[in-house]
Amino acid sequence: MTDCTRPSPLHPLHMHLMHGLRLLAVAVVLCMGTQAQAANTRPFLMGFTPWPWDTEWAALQDTYNFINANADIISHHIEEGVPWTEALADTAFHPQMMQGWTLRRDLTGPGLKVFLSLSPIDQMRTGLARYRGEAPQMPLPAEFANARFNDPKVKKAYLAYVRRAIDFFRPDYLAIAIEANELLDNAPQSWPDFVELHVETYRALKQSHPGLPVFFTTSVHNVINPERGNPAATWSKVQQLWRHSDIAAASFYPFLQHPLDLANPFVALDELRRRAGGKPIAITEAGYPAKQPAVEALRNLPASPEIQMNVYYGLLGRAASERYTFVIVWAHRDYDALWNRLQGEFPEWGALWRDVGILDGEGSARPSRDVWDLFLRMPHR
């Protein structure tokens, strides 16, 4: 997930935009013209992160049960910090951390592909990831407190951490940095150090795991935003780093694009395809809210179950026509219950993704559930 980017105010006559989006979604599917469509097959995997809709055990079980039955890939997005000290010393990771890993692994159905996301970058995309010890997001230990990304001990510890995660989860796809472009936006002085860490980690992993796709992710809705810097310069640096990445992988939240035009909400994906130069594309997290988020910056966002349905229809149609590797929607069900239970513990921008589910907060199917099922029923080839 990404930080809050304020879109420009939108024209109040949303019906015209909704009509344009509906026509676009239909056109995407009708014009796919690919062998996959003719054979009624699907070239991309479909999945979710196991982000739960409540803190109760039943909600966690329900989340995994839904994914196991309604997806062919699961995204284990682990952004709790890095056990820097233990990884460097080659000692056991904290039992609390391993309990979480074991729960993820044990609840994941045996038929699912596994996409594992790890990152040396902190959640705010400003510097080195915090420490994962007894709890997530702990302060960095003294020996790492002022370390740069290319510090030899950071390189050694991060590679060791990733290797142990690979051995544990046995992923089919691996991201070793999450939304790396935002570090370039927020702390450009750290970018060269990060690139050095990424390249060395990538090369080492490809030597030991040559068949495992290894890559970093980019928040494409932010790259194209001119208010966040120079998009052309950012794309250039991302393209250079793609030389050390097997997939052009992207998080994509079209409602965070600036400016947003619902007649074509896929501008960022058009640019991604153009810049990727034929490299395989994957959507590592995505979503569009079915109701207006409780975030002041998005008070003018058009959001409804119908708009969400059309966005998801267009996204999955594009994934078919352009032969994406996979598409991950962040949450299968709205997490209203989790939000209400943890009231005050979430930052305001945590509401951005609260209502992106194909099920609403009560567990009832939205129209986007029909769109999901339509594509999921096509055999993956």
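This write-up is about the structure you can find in this document.

With 110 residues, the main nonpolar core has Tyr161 and Leu174 as its most contacted residues. Residue contacts for Tyr161: discarding those within four places in its chain leaves Ile78, Gly81, Val82, Pro83, Ala87, Phe93, Met97, Trp101 and Leu118. Of all hydrophobic cores here, the second largest spans 11 residues; its members include Leu45, Phe115, Phe215 and Ile247.

Turning to the sheet that holds strand E4 (residues 173-175), a few remarks are in order. Strand pairs in the sheet, formed through backbone hydrogen bonds, run parallel or antiparallel to each other. One open sheet holds the nine strands; their spatial order is E5-E4-E3-E2-E1-E9-E8-E7-E6, and the pairing between them is parallel. The open sheet has two edge strands with one neighbour each: strand E5 (214-215) and strand E6 (217-219). Two strands pair when backbone bridges link them, and strand E2 (residues 73-77) and strand E3 (residues 113-117) are joined in this way by five bridges, in the parallel orientation. Bridging across to E3, Ile73 finds its partner in Lys113. Against the sheet, helix H11 (residues 267-276) engages strand E7 (248-252) and strand E8 (281-286), with an angle of about 170 degrees to E7. Strands strand E1 (45-48) and strand E9 (326-329) of the sheet are contacted by helix H14 (residues 367-376), whose axis makes an angle of about 140 degrees with E1.

On to the packing of aromatic side chains, then. This structure, assessed with the given rule, holds 26 aromatic pairs. With a centroid separation of 6.1 Å and 70 degrees between ring planes, the pair formed by Tyr313 and Phe375 is classed as edge-to-face. In this pair, Tyr313 is assigned in helix H12 (residues 305-321) and Phe375 in helix H14, connecting sequence segments 62 residues apart. Members of the aromatic cluster, each reached through a chain of ring pairs, are Trp84, Phe93, Trp101, Phe144, Tyr158, Tyr161, Phe168 and Phe169. We note Arg42 situated over the ring of Phe44; from NZ or CZ to the ring centre the distance is 5.8 Å. One cation-aromatic arrangement involves Arg164 over Phe93; the distance from NZ or CZ to the ring centre is 3.6 Å.

For the rest of this paragraph, the subject is unusual backbone geometry. Note that the residue after His258, namely Pro259, is joined by a cis bond; omega there is -5 degrees. At Arg170, a residue that is not glycine, the phi angle is positive and equals roughly 50 degrees. By secondary structure assignment, the location of Arg170 is in the loop between helix H6 (152-169) and E4.

Of the two faces of E1, the one holding Leu45 and Gly47 and the one holding Met46 and Phe48 are both buried throughout. Two elements, E1 and E2, share two bridges in a ladder whose sense is parallel. Counterpart to Phe48 in the pairing with E2 is Ile74. Note on the crossover from E1 through helix H3 (residues 57-70) to E2: the handedness is right-handed.

All right, on to the pattern of salt bridges then. Throughout the structure, instances matching the rule amount to 26 salt bridges. The partner of Arg341 in a salt bridge is Glu56, with the nearest N and O atoms 3.4 Å apart. With Arg341 in helix H13 (residues 336-341) and Glu56 in the loop between E1 and H3, this residue pair connects regions lying 285 residues apart in the sequence. Note that Glu322 is salt-bridged to Arg273, the shortest N-O span being 3.4 Å. Taken together, the residues span a long stretch of sequence, with Glu322 in the loop between H12 and E9 and Arg273 in helix H11 at a distance of 49 residues.

Rules behind the numbers
- Residues numbered from 1 in each chain as written.
- Predicted model: local features only at pLDDT ≥ 70, side-chain atom pairs only at ≥ 80, totals over all residues.
- Heavy atoms only, no water.
- Core = buried A, V, L, I, M, F, W, Y, C linked by side-chain atoms within 4.5 Å.
- Buried < 20%, exposed > 50% of the residue type's maximum accessible area, 1.4 Å probe, protein only.
- Contact = heavy atoms within 4.5 Å.
- Pairing = 2+ DSSP bridges.
- Helix = DSSP H or I, 4+ residues; strand = E, 2+ residues; numbered from the N terminus.
- Axes fitted to C-alpha atoms, helices over the stretch in contact; angles between N-to-C directions.
- Phe/Tyr/Trp six-rings, centres within 6.5 Å; stacked < 30°, edge-to-face > 60°.
- Lys NZ or Arg CZ within 6 Å of the ring centre and 35° of its normal.
- Right-handed = clockwise from strand over helix to strand, strands pointing away.
- Salt bridge = Lys/Arg side-chain N within 4 Å of Asp/Glu carboxyl O.

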